[in-house]
Structure formats: structure tokens, C-alpha cells
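A closer look at the structure
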Amino acid sequence: FNVKQYGCGAVFLGCVGAAAYALNLKSGGTVVLSQITVLTITLLLGATAWCSNLFPPRAALSAVPKGSYVITAGFRKLADTGSKIITKYRPLRWMIVTMMLAEAASNTFTQIAITYTSEVLAMSANQVSATIFVLLLAIVPGSAFMAYLSNKLDPIRSYRLSLFYFGSVQLLASILLQSPANANLCYAFAAAWGFGFGWMHPAQRVLFATIIPHGQETEMMGIYTFSGQALLFLPPLLFSMLNEAGYHMSIGLGSLSVFFLGASVCAGGIGSYGEATKFMGRAGSSGDKAQAEENVEVGPKTIVATNL
């Protein structure tokens, strides 16, 4: 899915760029063309999905408890789940901490990178677009490498290595990309960044999906989304503070590596993937799941979760 998603993104960017060049559009006209195209495709595909069998009826995963209301039951369930994550589900707890750091940096990377390429490297709008195009293309082999490495090692080690890789690349970029003279080198880093994104994000989703409690998939994906937004303000705030304090913008760019490398360290708290799957009995019976739910954290190697 990740390969198809970003492969289509690269094709879309290439088509819009080619159309803008053929029509001799400026940056503002290119943005308008892009948005019109996105809106048209979204309306067509959305209407097709709703008018077909792509969204079939689905039975409810749980019922509202007696004496409760739909509006309040969700908040109570979320509070109960949060308490279990903190007190029992050690792997999931550390996974969320890891995602809070990693997603905060990766979600703000684009804004910071565009600012950096424009202000420090003095790249034109076309050069920045070309850089983004290279990044999108590199996501495809990154995703393929993730699948290979996750099978060769396991999702946890693959995810930790991807975080360490991205943090290292980010640190190296802040050292080597210092002036407009280094602009051409940015294309190489765009490929390295794209490879990292293609590796990191699917590895993160695969790992999270295998350590969440059975029957709470929708709730947990809400927590997954929230975790990625919780510290979203912090990287741009740190970048702005360093810039306003008079430090070179490369220091701010390098500050993102702190989040990725810190996330790699925190991911160590998740534990061993092999022990987790063995303890959970992912393909086991409902009795296995009930047993997993009853376990509590008693040590650094205790894994509490159930299969999807």
C-alpha cells in the first residue's frame, strides 16, 4: 500500500509539474491547478466509493453498557484503555511514547525542509519541487526495504533501525547543507529522506497493528492518530526559537535528529518482538487472548497485548 500510495503521489506531482510547464504557469497558477485536480479526483473517487460496495455494512464491535449513553460510553472506555496502557500494556505504552517523538518530527519535516531549502540553500520553486519529486520516488524502494528487513529481522528492530537511520541522515544534512553552494547535494539527501520515510512509516504501522488489543482496533487507531499530533508543536517551536536566538538555521534542521534518535532509544522499551508474539499467542484461541489480558507488567520482558 505504501508503495502504491507514494508512487501515485510521485506520478501526480510529475503530471502537475508537466502541465504547469506546458501552460507556462507561475507558482500561484501551479497551486491552483494542483488543488483543482485534487478536488476533482477526490469527488469522483469519493462518489464512486459511496455508491458501490466498497463500504459494506459491518457489525458493531461492542455494545453500549446498560445505564450508559453513547456520548459518555466512549470517553469512559477511552479512560479505561488509557489506564491499562499505563499500568499493564508496557509494549504499547513505549510504542506510543516512541510515536509521539517520531511523528512530531516527521510531520513537521516538510515545512522545515521547504523553509530551509528556500532560505539557506536559495533553491527556486522548481528546484524545491524537483527535490520533493525525488523524495517521493525514493519512498518506493524504502517501503520495499522495510518489508524485506522486517521479514529478515522483525518489525521492532526494523522500526528502531529506521528511526536511527533517519536521525543520522538528518544530522548529516545539517552539517553538509550549509549554503547555496550545497544546493545540488540536497537532491541526494532528498533520496535519503524519502528512503527513510518509506521505511519508517510502514514499519511503524505494522508494529503498532500487531501489539494492540483484539477488538479495539478502531479505538487504538484513534490513539495512534492522537499520538502523532500530541507533540506536533514542539519541533517547529524549537526550530523557531533557535532561529530567533541567532543560531544558523542548520542547527534547527539538526534539532529534528534529537526526536528521531530519542524515539529510537524509547523503542527499546517495547521489548522483543519474538517474545511478544510468543507470549500473546497471536493465532491462538480466545482463552489465549483472555490470559494475555489478565497479565500485568512484572518486569522488563513482560509483554501484554493480544492479536489483531
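These remarks concern the structure in this document. None of the values given here were measured: they were computed from a predicted structure.

**With respect to the overall build of the protein chain**
In terms of regular secondary structure, the protein chain is built from 12 helices and zero strands. Secondary structure elements of the protein chain occur, N-terminal to C-terminal, as α-α-α-α-α-α-α-α-α-α-α-α. Out of the 308 residues belonging to the protein chain, those deemed buried represent 39%. For the protein chain, the exposed surface amounts to about 16600 Å²; the carbon and sulfur share of it is 68%.

**Structural notes on helix α10 (residues 249-266)**
Over its 18 residues, α10 runs 27 Å from end to end, which matches the ideal 26 Å to within 8%, given 1.5 Å per residue. The buried fraction of α10 amounts to 13 of the 18 residues, a majority that puts the element mostly inside the structure.

**Brief notes about the layout of surface pockets**
Computed from the structure, the largest pocket encloses a volume of approximately 880 Å³. Together, 30 residues line the largest pocket, and Leu13, Val16, Thr30, Ala125 and Ser129 are the ones closest to its centre. A per-class count over the lining of the largest pocket returns 17 nonpolar, 12 polar and one charged.

**Things to note about the packing of helix α4 (residues 90-119) against helix α6 (residues 155-176)**
The contact between α4 and α6 brings their axes to 12 Å, and the two run at 35°. Judged by the sense of rotation from one axis to the other, the crossing of α4 with α6 is left-handed. Every residue of α6 that contacts α4 at Met95, Thr98, Met99, Ala102 and Phe109 is listed here: Tyr159, Leu163, Phe166 and Gln170.

**Thoughts on helix α5 (residues 125-152)**
For α5, which comprises 28 residues, the first-to-last C-alpha distance of 41 Å matches the rise-based estimate of 40 Å (1.5 Å per residue) to within 8%. For α5, every residue scored as buried is listed here: Val128, Thr131, Leu135, Leu136, Ala138, Ile139, Gly142, Ser143, Met146, Leu149 and Ser150.

**What to know about the environment of Ala125**
Its location among the elements puts Ala125 in helix α5. When the C-alpha atoms of Ala125 and Lys26 are compared, they prove to be 9.5 Å apart, with 99 residues separating the residues in sequence.

**Regarding the nonpolar core**
Of all hydrophobic cores here, the largest spans 60 residues; its most connected members are Leu92, Met95, Phe109, Tyr159, Leu177, Trp193 and Phe208. Taken together, the elements giving at least two residues each to this core come down to α4, α5, α6, α7 (185-210), α8 (217-230) and α10. Ranked by residue count, the leading element in this core is α4, at 12 residues. Excluding residues that lie within four positions of it along the chain, Phe109 makes contacts with Leu135, Phe166, Gln170, Trp193, Phe197 and Leu256.

**Some details on unusual backbone geometry**
One non-glycine residue, Ala122, lies in the positive phi region at around 55°. Structurally, the position occupied by Ala122 is in the loop between α4 and α5.

**Some words on the packing of α4 against α8**
Relative to each other, α4 and α8 sit at 50°, their axes nearing to 6 Å. Classified by the angle their axes make, α4 and α8 are oblique. Relative to α8, α4 is oriented so that their crossing is right-handed. Between α4, through Leu92, Ile96, Met99, Met100, Glu103, Ala104 and Asn107, and α8, the contact on the second element is made entirely by Met220, Ile223, Tyr224, Ser227, Gly228, Gln229 and Ala230. Residue composition of the contact of α4 with α8, by class: nine nonpolar, four polar and one charged.

**Considering the side chain of Thr108**
Position of Thr108 relative to the elements: it lies in helix α4. A distance of 3.3 Å separates a polar side-chain atom of Thr108 from the backbone oxygen of Ala105. Apart from residues no more than four positions distant in its own chain, Thr108 is found in contact with Leu232, Pro235, Pro236 and Leu256.

**Overview of the packing of aromatic side chains**
For the structure on display, the rule yields 13 aromatic pairs. Ring geometry for Phe166 against Phe260: centres 4.6 Å apart, planes inclined by 40°, an arrangement best described as tilted. Placement of the pair is Phe166 in helix α6 and Phe260 in helix α10, with a sequence separation of 94 residues. Classification of Phe260 by relative accessible area gives buried; the value is 0%. Linked through ring pairs, Phe109, Phe166, Phe189, Trp193, Phe197 and Phe260 together constitute an aromatic cluster.

Criteria and thresholds
Residues numbered from 1 in each chain as written. Predicted model: local features only at pLDDT ≥ 70, side-chain atom pairs only at ≥ 80, totals over all residues. Heavy atoms only, no water. Helix = DSSP H or I, 4+ residues; strand = E, 2+ residues; numbered from the N terminus. Buried < 20%, exposed > 50% of the residue type's maximum accessible area, 1.4 Å probe, protein only. Areas by Shrake-Rupley, 256 points an atom, 1.4 Å probe, with all protein chains shown as cover. Expected span 1.5 Å × (residues − 1). 1 Å grid on protein atoms, 1.4 Å probe; cavity = no way out; pocket = protein on both sides within 12 Å on 5 of 7 lines; lining within 4 Å. Points joined across faces, edges and corners; volume = space filled by probe spheres on them. Nonpolar A, V, L, I, M, F, W, Y, C, P; charged D, E, K, R; others polar. Axes fitted to C-alpha atoms, helices over the stretch in contact; angles between N-to-C directions. Left-handed = near helix turned anticlockwise from the far one by under 90°. Contact = heavy atoms within 4.5 Å. Core = buried A, V, L, I, M, F, W, Y, C linked by side-chain atoms within 4.5 Å. Parallel < 35°, antiparallel > 145°, perpendicular 65-115°, else oblique. Polar contact = N/O pair within 3.5 Å; in protein donor to acceptor, adjacent residues only side chain to side chain. Phe/Tyr/Trp six-rings, centres within 6.5 Å; stacked < 30°, edge-to-face > 60°.

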